[in-house]
Amino acid sequence: MIHVQNREIVVPGQLIAEGDYQHMDGSFREGDKIYSAVVGLADVKEKRVRVIPLQGRYVPHVGDLVIGVVIDSHQSGWILDINSPYTANLFVSELVHRKVDLNREDISKFLSIGDVVLASVKEVDEYMRVLLETTERGMGRIKGGKLVEISPAKIPRVLGRKGSMLKVIESKTGCTLAVGQNGRIIIWGDDPKMVNLAVEAILMIEREAHISGLTDRVALMLEKEKSGGV
Amino acid sequence: MYEIISSVKRDYIIDLVKQGKRIDGRAIDQLREVAVELGPIKTANGSAKVKLGKTQVLVGVKLMHAEPFPDTPESGVLIVNAELLPLASPTFEPGPPRVEAIELARVVDRGIRESDAIDLDKLGIKPGEDVWSVFIDIDVLDHDGGLIDASALAAIAALSDVKPPEDEDWKLPGFPLSKRPVAVTVAKIDDRLVVDPCLDEERVMDARLTITTVEDGSICAMQKGGTGYFTREELEQAYDLTCAKAVELRAKIG
Amino acid sequence: MEKPEKLIVDGKRLDGRAPDELRPLKIKAGVLERADGSAYVELGNNKVFAAVYGPREMHPRHDQQPDSAVLRCRYSMAPFSVEDRKKPGPDRRSVEISKVTKEALEPVLFLELYPRSVIDVFIEVLQADAGTRTAGINAAAVALADAGVPMRDLVTSVAVGKVDGTIVLDLMKEEDQFGTTDMPVAVVPRKKVITLLQMDGHFTKEEFRQALDLAFRGCEKIYEVQRQALKEKYAIKEGE
């Protein structure tokens, strides 16, 4: 049986379900009882129990889109801070998509310390060594734009179901956003007022991620601010 | 351990400053929101907690018996100590005080000592043997830039909060605080001066200048920090900026 | 401080409490901006902050554990937190408390989920009034949960002791100094297991059992306040 309401805020050690359920992220099993491991929203669908965390550091998974900052370089590539307990490695061949003769070319012309890179996670091994790649269009070194950092746990809300929230922000502000799973977001826009409005929306989502009806509220806020500012 | 600021953030801050704007929407000459709480710590003789934007600093003042310095046998002793607590920032590690903590303590000390804010001559007990020592301990709890300004303000607020100790050797009616020196810092970013830099601005700035002034606008302490430089015009400009802001901060002590 | 003649008069303690009564307790989660997780605890006149950073990269690298996170704890008292100013820096007492605090918290953490990393817990006592290590553990547990570190349960701590022959809960300063026995305890409330136990003084076996019962009862009350503090951070405010 289920001991909590769906979307109820639960805390570590709180009993969520008892019996024939499958425990997923954010929860753990002891005997036939499933408990929450984190502060988050209880989510029970059919026989699957999980807790959506409201806080927590980013742990890289293969396929994640991430925004990294170059913090060091080595012989054949760079080390990036990806806002995680783990740094990530980007080999020069993954950045420029061709073979690079390390004896002839000086790779420092591609990236400097402090540069921002949009990439995806190619590989994570059991020692949490992370490899990045830049295969999609638009990936690689990023220039311009405004960088915002929020709790990685709230990123799914910034994207929304099937990207619905992101669509709302982009259409109402006319800005383009790159949303990293690791809590970093880049906003590009010609009108600084609209860029700041997009930031407002993101911070609002971070504050109210645990309250339902968020997409509508954000859309409402953006409409109000837009017409108010005209 | 130090944090690298991303080029995107750095460019963004500098672009804004070129337009006379700042990353948190403030004006060039605007302080962050300031809150001063007097007397939160009862085990101290005086205490104050200052919030400057997101920065939080707590100062406790303890009055203790001590031996005087040999050349000032009847004067009290002033000691300022600062701790950049590891709670306050991912870059603060536990251990002996790092250079930033020592600089912070010495700059706050200078403001109080050089302005004669405390009449140390009134703090003697038994000449040559026993005097009151004033320990000012600064605890930085949350770091978002402006540590010197917040600490100096908290120190003077804590001093103004001091209740005399229950000790038969205390003969004064109150605590002899005659002035309230206030420190204000400006940062130089792309040849413009911004008041009360937040942490992101501190990471991008070329240099900073802290000026401590008292009620009549005279300067009692200054400290330049960072690896850039200031022109003479910039120094004059800095004085005008900081003096006006010091008045605002002083008013927060009540 | 002079030793009072009696610590319990007419069944009441010096501050008016019954033997099984806690001091006023207040807990707030998420009180610091920079830290990944944080908490503030007031227990009687104790004022304690806890901050958590992590999981984060562990330096030096040779201290990394290949299959688990490392937990580091630092308990520290501010110079102005006690009547006689304490010189800044760790003393032997703080070092010991840091160790037993780490060992009290570690059993509930899923450290194996974050190999090669470190979780740092920093406890700072700003005002001390007996029971600072227990207040520190209560704050640290909330701060860990606030940081999103996965845990099997919170950890709850309280001190019990014996004064004037009576077993009491949550010792105050005079009881700590002049009482017979002081026993700080930390438990994992759900499983009712003990992760911190220290004692100095005198207990018969029966007194020890009673004291432990009292400690568990006290921890139940504190546990509720800890959980509320975490939930309160996300409470929907009026008008929303």
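### Observations regarding the overall build of chain A
Turning to step 1, where the next piece is worked out: If you tally the helices and strands in chain A, you get five helices and 16 strands.
Turning to step 2, where the next piece is worked out: Taking the principal axes of its C-alpha atoms as reference, chain A extends roughly 65 × 55 × 25 Å.
Turning to step 3, where the next piece is worked out: Residues classed as buried in chain A amount to 40% of the 230 residues present.
Turning to step 4, where the next piece is worked out: Within chain A, contacts between residues separated by at least 24 positions form 55% of all contacts whose residues are at least 6 apart in sequence.

### What to know about the overall build of chain B
Turning to step 1, where the next piece is worked out: Within chain B one finds five helices and 10 strands.
Turning to step 2, where the next piece is worked out: For chain B, the C-alpha radius of gyration of 19 Å lies close to 18 Å, the compact-globule estimate for 254 residues.
Turning to step 3, where the next piece is worked out: Judged by the C-alpha coordinates and their principal axes, chain B covers about 60 × 40 × 30 Å.
Turning to step 4, where the next piece is worked out: Counting over 254 residues, chain B shows a buried share of 49%.
Turning to step 5, where the next piece is worked out: For chain B, restricting intrachain contacts to residue pairs at least 6 apart in sequence, the fraction spanning at least 24 positions comes to 69%.

### Observations concerning the packing of helix α2 (residues 99-114) of chain B against helix α3 (residues 147-160) of chain B
All names here are of chain B.
Turning to step 1, where the next piece is worked out: One way to put it is that α2 packs onto α3 with a least axis distance of 10 Å and a crossing angle of 45°. Here α2 is positioned oblique relative to α3, judged by the angle of their axes. Judged by the twist between their axes, the crossing of α2 over α3 is right-handed. Note on element contacts: α3 touches α2 through L147, I148, S151, A152 and A155, opposite L104, V107, V108, G111 and I112.
Turning to step 2, where the next piece is worked out: Tallied by class, residues from the contact of α2 with α3 come to eight nonpolar, two polar and no charged.

### Some remarks on the sheet that holds strand β8 (residues 156-163) of chain C
Residue and element names in this part refer to chain C.
Turning to step 1, where the next piece is worked out: Strands sit in the order β9-β8-β10-β11 across an open sheet of four strands; the sheet is antiparallel. Here the strands that pair on one side only, and so sit at the sheet edges, are β9 (166-169) and β11 (193-197). Taking each pair of neighbouring strands and ignoring which way they run, the sheet shows an average axis angle of 30°.
Turning to step 2, where the next piece is worked out: Relative to β9, β8 runs antiparallel, the two being bridged by four bridges. For G161, the partnering residue across the bridge sits in β9 and is V168.
Turning to step 3, where the next piece is worked out: Here helix α1 (residues 92-105) sits on the sheet and contacts β8, β10 (181-188) and β11; the angle it forms with β11, its principal contact strand, is near 170°.

### As for the interface of chain B and chain A
Turning to step 1, where the next piece is worked out: Every contact between the two is made by eight residues of chain B and, on the other side, 11 residues of chain A.
Turning to step 2, where the next piece is worked out: For the side of chain B that touches chain A, the per-class residue count stands at four nonpolar, two polar and two charged.

### As for the nonpolar core
Turning to step 1, where the next piece is worked out: A154 of chain B together with L105 and A139 of chain C are the most contacted members of the largest nonpolar core, which has 210 residues in total.
Turning to step 2, where the next piece is worked out: Among the elements that line this core, the one with the most residues is α3 of chain B, at 11 residues.
Turning to step 3, where the next piece is worked out: Apart from residues no more than four positions distant in its own chain, A154 of chain B is found in contact with A48, K49, V50, V57, L58, V59 and I138 of chain B.

### Brief notes about α3 of chain B
Turning to step 1, where the next piece is worked out: Taking 1.5 Å of rise per residue, the 14 residues of α3 of chain B would be expected to cover 20 Å, and the 20 Å separating its terminal C-alpha atoms lies within 8% of that figure.
Turning to step 2, where the next piece is worked out: Across the 14 residues of α3 of chain B, 13 count as buried, placing the element largely inside the fold.

### Considering the sheet that holds strand β3 (residues 25-29) of chain C
Residues and elements named next belong to chain C.
Turning to step 1, where the next piece is worked out: With mixed pairing, five strands are arranged side by side in an open sheet as β3-β4-β5-β7-β6. Of all the strands in the sheet, just β3 and β6 (70-77) have a single pairing partner and so form its edges. Pairwise comparison of adjacent strand axes, ignoring direction, gives a mean angle of 15° for this sheet.
Turning to step 2, where the next piece is worked out: Two elements, β6 and strand β7 (residues 117-127), share eight bridges in a ladder whose sense is parallel. If you follow C73 over to β7, its bridge partner there is V121.
Turning to step 3, where the next piece is worked out: Contacts from α1 reach β6 and β7, with the element oriented near 140° to β6.

### Structural notes on the packing of helix α2 (residues 132-146) of chain C against helix α4 (residues 205-232) of chain C
Residues and elements named next belong to chain C.
Turning to step 1, where the next piece is worked out: Relative to each other, α2 and α4 sit at 30°, their axes nearing to 10 Å. Handedness of the crossing formed by α2 with α4: right-handed. Of α4, the residues touching α2 (which contributes N138, A141, V142, A145 and D146) are I222, Q226, A229 and L230.

### Observations regarding unusual backbone geometry
Turning to step 1, where the next piece is worked out: The step from G54 of chain C to P55 of chain C runs through a cis peptide bond, and the omega angle for that step is -5°.
Turning to step 2, where the next piece is worked out: By secondary structure assignment, the location of P55 of chain C is in strand β5 (residues 46-57).
Turning to step 3, where the next piece is worked out: In this chain, H59 of chain C is followed by P60 of chain C through a cis amide linkage whose omega measures 0°.
Turning to step 4, where the next piece is worked out: With respect to the secondary-structure elements, P60 of chain C resides in the loop between β5 and β6.
Turning to step 5, where the next piece is worked out: A positive phi angle, near 60°, is found at H97 of chain A, a position not held by glycine.

### Some remarks on the interface of chain C and chain B
Turning to step 1, where the next piece is worked out: Facing 22 residues of chain C, the contacting portion of chain B comprises 26 residues.
Turning to step 2, where the next piece is worked out: Those elements that place two or more of their residues in the side of chain C that touches chain B are β5 and β7 of chain C.
Turning to step 3, where the next piece is worked out: A total of four residues in the side of chain C that touches chain B trace back to one element, the largest contributor, which is β7 of chain C.
Turning to step 4, where the next piece is worked out: When the residues that make up the side of chain C that touches chain B are grouped by side-chain class, the tally is 13 nonpolar, three polar and six charged.

### A short note on the domain arrangement of chain A
Turning to step 1, where the next piece is worked out: Under the domain assignment used here, chain A contains domain 1 (9-53), domain 2 (65-142) and domain 3 (146-229).
Turning to step 2, where the next piece is worked out: Each of domain 1 of chain A and domain 2 of chain A has a C-alpha centre, and the two are 36 Å apart.

### Structural notes on the pairing of β6 of chain C
Turning to step 1, where the next piece is worked out: Buried residues dominate β6 of chain C, accounting for six of its eight residues.
Turning to step 2, where the next piece is worked out: Following the backbone out of β6 of chain C, through α1 of chain C and into the adjacent parallel β7 of chain C, one traces a crossover that is left-handed.

### Some points on the environment of Y53 of chain C
Turning to step 1, where the next piece is worked out: By the element assignment, Y53 of chain C lies in strand β5.
Turning to step 2, where the next piece is worked out: Separated by 157 residues in the primary sequence, Y53 of chain C and Q210 of chain C place their C-alpha atoms 38 Å from one another.
Turning to step 3, where the next piece is worked out: Excluding anything up to four places from it in sequence, Y53 of chain C contacts P90 of chain B together with A35, D36 and D120 of chain C.

### Considerations on the environment of A150 of chain B
Residues and elements named next belong to chain B.
Turning to step 1, where the next piece is worked out: Its location among the elements puts A150 in helix α3.
Turning to step 2, where the next piece is worked out: According to the C-beta neighbour criterion, A150 is buried, with 33 such atoms within 10 Å.
Turning to step 3, where the next piece is worked out: Distance in space between the C-alpha atoms of A150 and A82 is 12 Å, their sequence separation being 68 residues.

### Quick word on the environment of Y127 of chain A
Turning to step 1, where the next piece is worked out: Looking at where Y127 of chain A falls in the secondary structure, it is placed in the loop between β11 (116-124) and β12 (130-133).
Turning to step 2, where the next piece is worked out: The spatial distance from the C-alpha of Y127 of chain A to the C-alpha of K193 of chain A is 44 Å, given a sequence separation of 66 residues.
Turning to step 3, where the next piece is worked out: Contact partners of Y127 of chain A, with chain neighbours within four places excluded, come to P66, P115 and R116 of chain C.

### Re helix α3 (residues 164-173) of chain A
Residue and element names in this part refer to chain A.
Turning to step 1, where the next piece is worked out: Burial in α3 covers these residues: M165, I169 and T173. Projected onto a plane normal to the axis of α3, the buried residues spread over an arc of 40° and lie on a single side. Among the exposed residues of α3, those oriented more than 90 degrees off its buried face are S164 and S171.
Turning to step 2, where the next piece is worked out: Two residues or fewer after α3 comes G174, characterised by a positive phi angle close to 70°.

Criteria and thresholds
- Residues numbered from 1 in each chain as written.
- Chains lettered and ligands numbered in written order.
- Predicted model: local features only at pLDDT ≥ 70, side-chain atom pairs only at ≥ 80, totals over all residues.
- Helix = DSSP H or I, 4+ residues; strand = E, 2+ residues; numbered from the N terminus.
- Buried ≥ 20, exposed ≤ 12 C-beta atoms within 10 Å, placed from the backbone.
- Contact = placed C-beta atoms within 7 Å.
- Rg over C-alpha atoms; globule rule 2.2 N^0.38 Å.
- Axes fitted to C-alpha atoms, helices over the stretch in contact; angles between N-to-C directions.
- Parallel < 35°, antiparallel > 145°, perpendicular 65-115°, else oblique.
- Left-handed = near helix turned anticlockwise from the far one by under 90°.
- Nonpolar A, V, L, I, M, F, W, Y, C, P; charged D, E, K, R; others polar.
- Pairing = 2+ DSSP bridges.
- Core = buried A, V, L, I, M, F, W, Y, C linked by C-beta atoms within 7 Å.
- Expected span 1.5 Å × (residues − 1).
- Domains from an automatic or database assignment.
- Right-handed = clockwise from strand over helix to strand, strands pointing away.
- Arc of directions from axis to C-beta.

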